[in-house]
Amino acid sequence: MKTPVYIAIGAVALLLDQATKLWADSHTLGWSMPVIGDLLRFTLVYNEGAAFSMNPQKIVPWFSPTLFFGVLTAIACVGAVYFFRELHKQDYLSRLGIVLIIAGALGNFCDRLRIGKVVDFIDTDFPDFIFERWPTFNLADSWVTIGIVLLFIGSYFVKKHAISHL
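This one's a predicted model, so the numbers in the text were calculated from it and none came from an experiment. (Residues numbered from 1 in each chain as written. Predicted model: local features only at pLDDT ≥ 70, side-chain atom pairs only at ≥ 80, totals over all residues. Heavy atoms only, no water.)

Colleague: Sorry if this is basic, but what is going on with the environment of Thr-43 here?
Modeller: Mapped onto the elements of the fold, Thr-43 is located in strand β2 (residues 40–47). In contact with Thr-43, other than residues within four places in its own chain, are Gly-30, Trp-31, Ser-32, Asp-120, Phe-121, Asp-123 and Thr-136. At 3.0 Å, the side chain of Thr-43 and the side chain of Asp-123 are in polar contact. (Helix = DSSP H or I, 4+ residues; strand = E, 2+ residues; numbered from the N terminus. Contact = heavy atoms within 4.5 Å. Polar contact = N/O pair within 3.5 Å; in protein donor to acceptor, adjacent residues only side chain to side chain.)

Colleague: Before we go on, may I ask you to explain the sheet that holds strand β3 (residues 118–124) in this structure?
Modeller: In sheet architecture, strand pairing relies on hydrogen bonds along the backbone and comes in two forms, parallel and antiparallel. As summarised here, the arrangement of the three strands in space is β1-β2-β3, forming an open sheet in which the pairing is antiparallel. In the strand order of this sheet, the two ends are held by β1 (32–36) and β3, each with one partner. Taking each pair of neighbouring strands and ignoring which way they run, the sheet shows an average axis angle of 35°. Across the sheet, helix α1 (residues 3–25) touches β1, β2 and β3, and the angle it forms with β3 is around 85°. (Pairing = 2+ DSSP bridges. Axes fitted to C-alpha atoms, helices over the stretch in contact; angles between N-to-C directions.)

Colleague: Help me understand the pairing of β2 in this model?
Modeller: Looking along a regular strand, one sees the side chains alternate between the two faces of the sheet. Note that β1 and β2 share four bridges and pair antiparallel. Within β2, the residue paired with Pro-34 across the bridge is Arg-41. Note: β2 against β3, six bridges, orientation antiparallel. Within β3, the residue paired with Tyr-46 across the bridge is Val-119.

Colleague: It is not clear to me how the side chain of Asp-123 should be interpreted in this structure. Could you clarify?
Modeller: Among the structural elements, Asp-123 can be located in strand β3. Those residues in contact with Asp-123 that sit more than four places away from it in its chain are Leu-39, Leu-40, Arg-41, Thr-43, Arg-133, Trp-134 and Thr-136.

Colleague: Where do I start with α1 in this structure?
Modeller: Every α-helical turn comprises 3.6 residues, leaving residues that sit three or four positions apart pointing alike. Given a rise of 1.5 Å per residue, 23 residues ought to cover 33 Å, and the 33 Å separating the end C-alpha atoms of α1 matches this to within 8%. Listing the buried residues of α1 in full gives Tyr-6, Gly-10, Ala-13, Asp-17, Gln-18, Lys-21 and Ala-24. (Expected span 1.5 Å × (residues − 1). Buried < 20%, exposed > 50% of the residue type's maximum accessible area, 1.4 Å probe, protein only.)

Colleague: Teacher, can you tell me more about the pattern of salt bridges here?
Modeller: Where charged atoms from two side chains of opposite charge approach closely, those side chains can pair. Following the criterion strictly, the structure yields nine salt bridges and no others. Linking Lys-21 and Asp-111 is a salt bridge whose minimum nitrogen-to-oxygen distance equals 3.0 Å. In this pair, Lys-21 is assigned in helix α1 and Asp-111 in helix α3 (residues 92–115), connecting sequence segments 90 residues apart. Relative accessible area serves as the criterion here: at 0%, Asp-111 is assigned to the buried category. For Arg-133, the salt bridge is made with Asp-125, and the minimal N-O distance between the two is 3.8 Å. (Salt bridge = Lys/Arg side-chain N within 4 Å of Asp/Glu carboxyl O.)

Colleague: It is not clear to me how the packing of helix α2 (residues 65–86) against α3 should be interpreted in this structure. Could you clarify?
Modeller: Two measures define how a pair of helices packs: the angle their axes make with one another and the distance between the axes. At their nearest, the axes of α2 and α3 sit 10 Å apart, and the two run at 165° to each other. Classified by the interaxial angle, the pair formed by α2 and α3 is roughly antiparallel. Crossing angle aside, the handedness with which α2 passes α3 is left-handed. Residues Thr-66, Phe-69, Gly-70, Thr-73, Cys-77, Ala-80, Val-81, Phe-83 and Phe-84 of α2 lie in contact with α3, whose contacting residues are Arg-95, Ile-98, Val-99, Ile-102, Ala-105, Leu-106, Phe-109, Arg-112 and Leu-113. (Parallel < 35°, antiparallel > 145°, perpendicular 65-115°, else oblique. Left-handed = near helix turned anticlockwise from the far one by under 90°.)

In structure tokens:
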């Protein structure tokens, strides 16, 4: 795929994320709607921290959270673009993974710029031993997770392909 296709995929992912968050944010805080019984609900919550409500910005408390996450987002996106450019053109999965990671990072940062926190609304209950319910998340978080998985899969196939041609 050519770079404009990846840019279009990233733009669509970012727009889907923002559209769903605007829809969720149009409800009142704590609003909840079952989608698949108790397994999947849409529940509006806000996250002022990072993933799983961690607060790494407390390391540098003189930075505003928006500035802190803005710097992190910029560094991550610049690094991801560099990594994208270094990948082999045939490594479609890894390149798509990078695009989704960038779209997710930008999606959550857009929330921070717009309202100072991230809109989360996907509320799931997976059988596990760690959480009573899985932490509420959004499409941007999903894009980042899917992107990381695609990077691992892509690097596995590229490595396997390289070894088979030795």
